[in-house]
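Examining the three-dimensional arrangement
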Amino acid sequence: AVVSTQSTGGTDFFWDIGSRTSYALDWNLFCDREYLSTTLNSLFFIGGIPGLFVGGWLADMFGRRITTIFGIGCCILVNVIAAMSSRYWMLALCRTLSGFGTFVCYNAVYILFLEFCAPQHRAFACTLHMAQWGLGTTLLAPLAYLLHGWRWLIWISVLMLAISIVPVFLVPESPRFYFTNKGDEKNAKRSLQWLAKNNNVDLNTDNIQLEKNAGQADDTKPSQLEVLKEFLEYREMTIQLAALMIMGVIVAFIYYGFAFGWGKLGSDLYLSYFYAGLGDLLTIILQPVPHMYLGRRKSMIVYFLVAGCTFLVALIPLDFGFITLEQLSCLVGSMFSSAAFFSLFLYTSELAPDAQRGKMLGFLSIACRVGALLGPQANLMFEWSKQGTLVIFAVLAVLASLVPIRLPESRDAKTPATAAEVQERRLARKRNLRLSSLEDELS
């Protein structure tokens, strides 16, 4: 799905691309018509907004696995049509529907990925999942260089999507979904048995007693309306979601501002995006290290602060010959922005209670899509003023670094089962802080 999200990007008119084509050249989408090209990128994220609503609801209602299959299937169908587009409006429609399908499955497969993992393995599992994104982004530039047509890139994405759907048929549904969302202990134990068998663990599920959530009666499951009402009833969960969404808007704006604007910061289109992809991949691989030593909350603060500082350093006019300080600083800043972007989803999945995990990730992704809608327009902002745009990025990054201070740490912690448990943990932290303050005064 990674290739399909960015494969239709055009090029500015002043680059010598030889016999290569892009839809920007085919349909004259440059100079005073360049806004039509950036609109195509934004349409992908516009389609993603209803996709996130639908995907979050489907994941919590029918299962993470079924939702993933449905989303990938939509992407395959739409991209086949996109590869044969002969008009701008046709490609625009396909981009919108492709965004819908991509984000229907994105959160569902991410939740499925993490719900199969123990707390101590989540950071590594998140790295494996996100590495696919970084690898796809890195491969995109050389593929675009070797293939002399934008339609071929879309056909490559169709092939990769077809391959990616196969493993989903080979794994079971999440046992957490069966037990928490459906109250189905029988199928939950079947999933656990499959996991045990494929990890060479001898497990007799007949001797396992699964625990009910606090406040959940035997053999009952909460309705979707009851789950939504909990956002109003339990204030702490809503506050955490709002804080996560604020970070999501900011980091997505910065991340996609660079993702669609590297062409304005370098003299070689393909090398600029290739280096950016390598930066993403390196960031994802190294991401577990700060999580291991600093935890999720402090890591988020560091990521945003370092990104903000590097954007300010980029204002210094210095040329090393093979690269300018502006390009180097922007690359480093975008890497730390990427780290914050990818870590935000791991952090949210660990803070969210089981029954609301799909919805909270859905709301977070919607917030990210708002930032992503604005991100491609940064491509035009760079033309207005590189320095002004970098200052805006720096200020936003520093402001975002203040938000995690209000949130709890989630490293190695058991994920909350219910919204009531989220509220209770907040009250427990307040009590502990009061006791610590009282002990300091007495000492």
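Residues numbered from 1 in each chain as written. Predicted model: local features only at pLDDT ≥ 70, side-chain atom pairs only at ≥ 80, totals over all residues. Heavy atoms only, no water.

**Re the overall build of the protein**
When helices and strands are tallied, the protein shows 18 helices and zero strands. Counting over 443 residues, the protein shows a buried share of 53%. Taking contacts inside the protein between residues at least 6 apart in sequence as the whole, the part at least 24 apart equals 78%. On the protein, roughly 20100 Å² of surface is accessible, and the fraction owed to carbon and sulfur atoms is 67%. (Helix = DSSP H or I, 4+ residues; strand = E, 2+ residues; numbered from the N terminus. Buried < 20%, exposed > 50% of the residue type's maximum accessible area, 1.4 Å probe, protein only. Contact = heavy atoms within 4.5 Å. Areas by Shrake-Rupley, 256 points an atom, 1.4 Å probe, with all protein chains shown as cover.)

**Details of the nonpolar core**
By size, the foremost hydrophobic cluster in this structure holds 60 residues, and its most contacted members are Tyr 110, Met 130, Leu 244, Met 247, Tyr 256, Phe 341 and Phe 345. Of the residues forming this core, the biggest block, 12 residues, is contributed by helix H11 (residues 235-259). For Leu 244, the residues in contact, after removing those within four places along its chain, are Leu 344, Tyr 347, Thr 348, Leu 351, Met 360, Leu 364 and Leu 407. Counting residues in hydrophobic clusters, the runner-up holds 14 residues, among them Ala 83, Leu 91, Ala 92 and Cys 94. (Core = buried A, V, L, I, M, F, W, Y, C linked by side-chain atoms within 4.5 Å.)

**Considerations on a nonpolar patch on the surface**
Residues Leu 312, Leu 315, Val 391, Val 395, Leu 399, Leu 402 and Ile 405 make up a contiguous nonpolar surface patch of roughly 600 Å² in combined accessible area. Per-element tally for the nonpolar patch: the top contributor is helix H17 (residues 386-402), with four residues. Mapped onto the elements, Val 391 comes out in helix H17. (Patch = residues over 30% accessible without salt bridge, like charges linked within 9 Å, V, L, I, M, F, W, Y side chains within 5 Å. Salt bridge = Lys/Arg side-chain N within 4 Å of Asp/Glu carboxyl O.)

**As for the packing of aromatic side chains**
Aromatic ring pairs are reported here in terms of the distance separating the ring centres and the angle at which the planes meet. With the rule as written, the count across this model stands at 10 aromatic pairs. With 6.0 Å between their ring centres and 50 degrees between their planes, Phe 177 and Tyr 178 make a pair best called tilted. A connected cluster of aromatic rings, assembled from ring pairs, spans Tyr 255, Phe 341, Phe 342 and Phe 345. (Phe/Tyr/Trp six-rings, centres within 6.5 Å; stacked < 30°, edge-to-face > 60°.)

**Considering helix H9 (residues 185-198)**
Taking 1.5 Å of rise per residue, the 14 residues of H9 would be expected to cover 20 Å, and the 20 Å separating its terminal C-alpha atoms lies within 8% of that figure. Packed against the buried residues of H9 are helix H8 (175-181). Immediately downstream of H9, the backbone of Asn 200 shows phi near 55 degrees, a positive value. (Expected span 1.5 Å × (residues − 1).)

**Concerning the packing of helix H4 (residues 64-83) against helix H5 (residues 88-115)**
Contact geometry of H4 with H5 gives a least axis separation of 8 Å together with a crossing angle of 155 degrees. With respect to their mutual orientation, H4 and H5 come out roughly antiparallel. Crossing of H4 against H5: the hand is left-handed. In terms of residue class, the contact of H4 with H5 is made up of 18 nonpolar, seven polar and three charged. (Axes fitted to C-alpha atoms, helices over the stretch in contact; angles between N-to-C directions. Parallel < 35°, antiparallel > 145°, perpendicular 65-115°, else oblique. Left-handed = near helix turned anticlockwise from the far one by under 90°. Nonpolar A, V, L, I, M, F, W, Y, C, P; charged D, E, K, R; others polar.)

**Details of helix H14 (residues 325-351)**
Taking 1.5 Å per residue, 27 residues should reach 39 Å; H14 reaches 38 Å between its end C-alpha atoms and fits that length. Most of H14 sits out of view: 23 of its 27 residues are buried.

**Examining the pattern of salt bridges**
A side chain with one charge may pair with a side chain of the opposite charge, provided their charged atoms come close. Inspection of the entire model under this criterion finds seven salt bridges. Put simply, Glu 115 and Arg 64 hold a salt bridge, and the shortest N to O gap is 2.9 Å. Within this pair, whereas Glu 115 is found in helix H5, its partner Arg 64 is found in helix H4, the two being separated by 51 residues in sequence. Arg 64 matches Glu 115 in its accessibility class, with the two residues each being buried. Taking the shortest distance from any N to any O, the salt bridge between Arg 357 and Glu 115 comes out at 3.0 Å. With Arg 357 in helix H15 (residues 357-374) and Glu 115 in helix H5, this pair connects stretches of sequence that are 242 residues apart. Its relative accessible area of 3% is what places Arg 357 among the buried residues. The class for Glu 115 is buried, based on a relative accessible area of 9%.

**Some thoughts on the side chain of Ser 174**
Within the fold, Ser 174 resides in the loop between helix H7 (150-170) and H8. At 2.6 Å, the side chain of Ser 174 and the side chain of Glu 115 are in polar contact. Sequence-distant contacts of Ser 174, defined by excluding residues within four places in its chain, comprise Leu 112, Glu 115, Phe 116 and Ser 191. (Polar contact = N/O pair within 3.5 Å; in protein donor to acceptor, adjacent residues only side chain to side chain.)

**A look at the environment of Arg 357**
Remark: the alpha-carbon pair of Arg 357 and Ala 59, spanning 298 residues in sequence, is separated by 9.3 Å. Beyond its immediate chain neighbours, meaning those up to four positions away, Arg 357 contacts Ile 111, Glu 115, Arg 176, Ser 349, Ala 352, Thr 415 and Pro 416.

**A word on the side chain of Thr 68**
The topology assignment puts Thr 68 in helix H4. Setting aside residues up to four positions removed in sequence, Thr 68 forms contacts with Cys 105, Ala 108, Val 109 and Val 168.

**Considering the packing of H5 against H15**
Two numbers describe how H5 lies on H15: the axes approach to 10 Å, and their chain directions differ by 135 degrees. With respect to each other, H5 and H15 are oriented oblique. As H5 packs across H15, the resulting crossing turns out to be right-handed. Between H5, through Phe 103, Asn 107, Tyr 110, Ile 111 and Glu 115, and H15, the contact on the second element is made entirely by Arg 357, Gly 358, Leu 361, Gly 362, Ser 365 and Arg 369. Tallied by class, the residues present in the contact of H5 with H15 amount to four nonpolar, four polar and three charged.

**What about the environment of Phe 100?**
Among the structural elements, Phe 100 can be located in helix H5. Once the C-alpha coordinates of Phe 100 and Cys 75 are considered, the two residues, 25 residues apart in sequence, prove to be 8.2 Å apart.

**Concerning the confidence of the model for the protein**
Reading predicted coordinates in detail is not appropriate for stretches of low pLDDT. Here the protein averages 78 in pLDDT, while 80% of its residues score no lower than 70. For the protein, per-element mean pLDDT is lowest for helix H1 (residues 2-6), which scores 37, and highest for H4, which scores 92. This stretch, residues 1-16, has a pLDDT under 50; its non-local contacts, to residues over four places away or in other chains, come to 50 contacts. With pLDDT under 50 throughout, residues 214-219 is counted as low confidence; its partners more than four residues away or in other chains account for seven contacts. (pLDDT = per-residue confidence, 0-100.)

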